Amino acid sequence: MKRLPHALVLGLGLEIAFSVAYLIVMVTSREAMFGATWPAVANGIDVASHVLIGAGALYFARAAAGRAATGAKLVAAGQLGMLVMLGCWLAIAQWHPAGYDRVLAWIAYLRYAQSIVVLATAVGFALIARPSAVSLALPIVAIAGVPLPVVGRWLYAGVDSVMFAYVIQMLPFIVLAGLSIVAVWSRRDELAEPPRPGAGQAFTAASNALWLRVIAAVSLAAFGFLVGFTRTDEAARLLRAVMLLAPLCDAIALVLFARALLALARTAIAPWWLTASAAFALAAVGMIATRVTSLYALFYGDRGSGSTADDPSVITNGLVAQLVPLVAAIGIALVLIAVARLARERADDDVRENVVIRTGVFVALIVGAMLMAHFTTNWLSEGAGAAAIALLSIAGATLYALTIAAKLCAQGAELVARDPVTLPAAKLVRS
């Protein structure tokens, strides 16, 4: 496992866990499938798994040669296709102006695209696989398990059990991910060691991404505060634009943060912790994308289309609103743990103690901000003054927590500069 790209292994494992969880939700709670929370969580996990698998496949292609490298590049292209399809799905399902019937027609087109992309990914892993049985099984499972709609209607025309239909819908993804793990594992001894990125530069990039979140949040909050004092139609339109721009800026900063973490994970500094951290950041990005499209439908969608433009819960749903900062905060906390581990490896007890204490402060601030946000509804009923104090407290705690995290990431870059982890460790050999 040490030679395989951590992003690829974790992404495939996440695909299996997500498919199992999705199957359980489909079987046990149809209401949750069409609620506000589960679709956002599902889209977040989807984004995380596809990006991790795609990035890991590119790293695999750099370390492999011949047929295996070609297959890895095909896998990366397939994951990019899955991300494009997810974006199309969000656009069509949230604000398509032609109504629900037209949405169903577009979903049928996406089913054809999904079958093609899944088959391309399976062929990519088949090219990677050394055992011929796995190479044959992957495209066969993709063709039969995720068939083109016209083929699927012929294959499963006699299925009348809803439970069985759910199983045959999700089981192929579990099997494909499992076979893909076997495929990449079969090549583990043939992979070369590609050049590792500079850990100091990656830590600096992560710190800059967090500072971008701070600057964007402060700028947009100040702009929204000023616009809120002007009670005109133009001001209302600007306020809606700010409400869309704020999460978009946050998503861009999280993408840059995840990119830096994936580069860090290729070094010797806690690769599993950093890969998991990138997964949480990417999941937050997927959840933000769902929320942004819902807000767009609410502000600019056709109210008569039957889409989520008629549902104001996309703004007021507290669970969805709190999941995004929680998931992002978990990803940031894992990076801070990696910085503490780095300080311990460098035998710098003072820095390690400082990082541990400030990490505790970061967690306390995030938890406090989330608790205040949970009880904000009660404060709103007490008057504008209490609501303003609550909102300012939440914003202050969140921004201070992000500032702590950005400084600790910069401290990680300083630790690397003192003792670069990319250099091989010297060993004393007795003659």
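Heads up: these notes are all about the structure in this document. (Residues numbered from 1 in each chain as written. Predicted model: local features only at pLDDT ≥ 70, side-chain atom pairs only at ≥ 80, totals over all residues. Heavy atoms only, no water.)

**Comments concerning the overall build of the protein chain**
Looking only at helices and strands, the protein chain has 16 helices and 0 strands in total. The buried share of the protein chain, taken over its 431 residues, is 46%. Contacts in the protein chain between residues far apart in sequence, at least 24 positions, make up 79% of those at least 6 positions apart. Accessible area for the protein chain stands at about 21,400 Å²; split by element, carbon and sulfur atoms hold 68% of it. (Helix = DSSP H or I, 4+ residues; strand = E, 2+ residues; numbered from the N terminus. Buried < 20%, exposed > 50% of the residue type's maximum accessible area, 1.4 Å probe, protein only. Contact = heavy atoms within 4.5 Å. Areas by Shrake-Rupley, 256 points an atom, 1.4 Å probe, with all protein chains shown as cover.)

**Things to note about the packing of aromatic side chains**
To describe a pair of aromatic rings, one takes the distance between the centres and the angle between the planes. Per the stated rule, a full pass over the model turns up 1 aromatic pair. Ring geometry for Phe18 versus Tyr22: centroids 5.5 Å apart, planes at 70°, classification edge-to-face. Taken together, the positions of Phe18 and Tyr22, both in helix α1 (residues 6–28) and 4 residues apart, correspond to about one turn of that helix. Assessed through its relative accessible area of 21%, Tyr22 is described here as partly exposed. (Phe/Tyr/Trp six-rings, centres within 6.5 Å; stacked < 30°, edge-to-face > 60°.)

**A word on the pattern of salt bridges**
By the definition in use, this model includes 3 salt bridges. Between Arg130 and Glu190 there is a salt bridge, with its nearest N and O atoms 1.6 Å apart. With Arg130 in the loop between α5 (100–128) and α6 (132–145) and Glu190 in the loop between α8 (162–185) and α9 (199–229), this residue pair connects regions lying 60 residues apart in the sequence. One salt bridge in this structure joins Glu190 and Arg187, with 2.8 Å as the shortest N-O distance. What makes Glu190 partly exposed here is its relative accessible area of 39%. When salt bridges with common partners are traced through the structure, they connect Arg130, Arg187 and Glu190 into a single cluster. (Salt bridge = Lys/Arg side-chain N within 4 Å of Asp/Glu carboxyl O.)

**Section: the nonpolar core**
Counting 68 residues, the largest nonpolar core has Phe203, Leu210, Phe257, Leu274, Ile332 and Phe362 as the members making the most contacts within it. Elements with a minimum of two residues in this core: α3 (37–63), α9, α10 (233–264), α11 (271–300), α13 (318–345), α14 (349–374) and α16 (384–418). Dropping the residues within four chain positions of it, Leu274 is found in contact with Leu261, Leu264, Ala265, Ile269, Val335 and Ala338. Formed by 37 residues, the second largest nonpolar core is a distinct cluster that contains Leu23, Ala63, Ala142 and Met170. (Core = buried A, V, L, I, M, F, W, Y, C linked by side-chain atoms within 4.5 Å.)

Geometric values such as these leave the question of function open.
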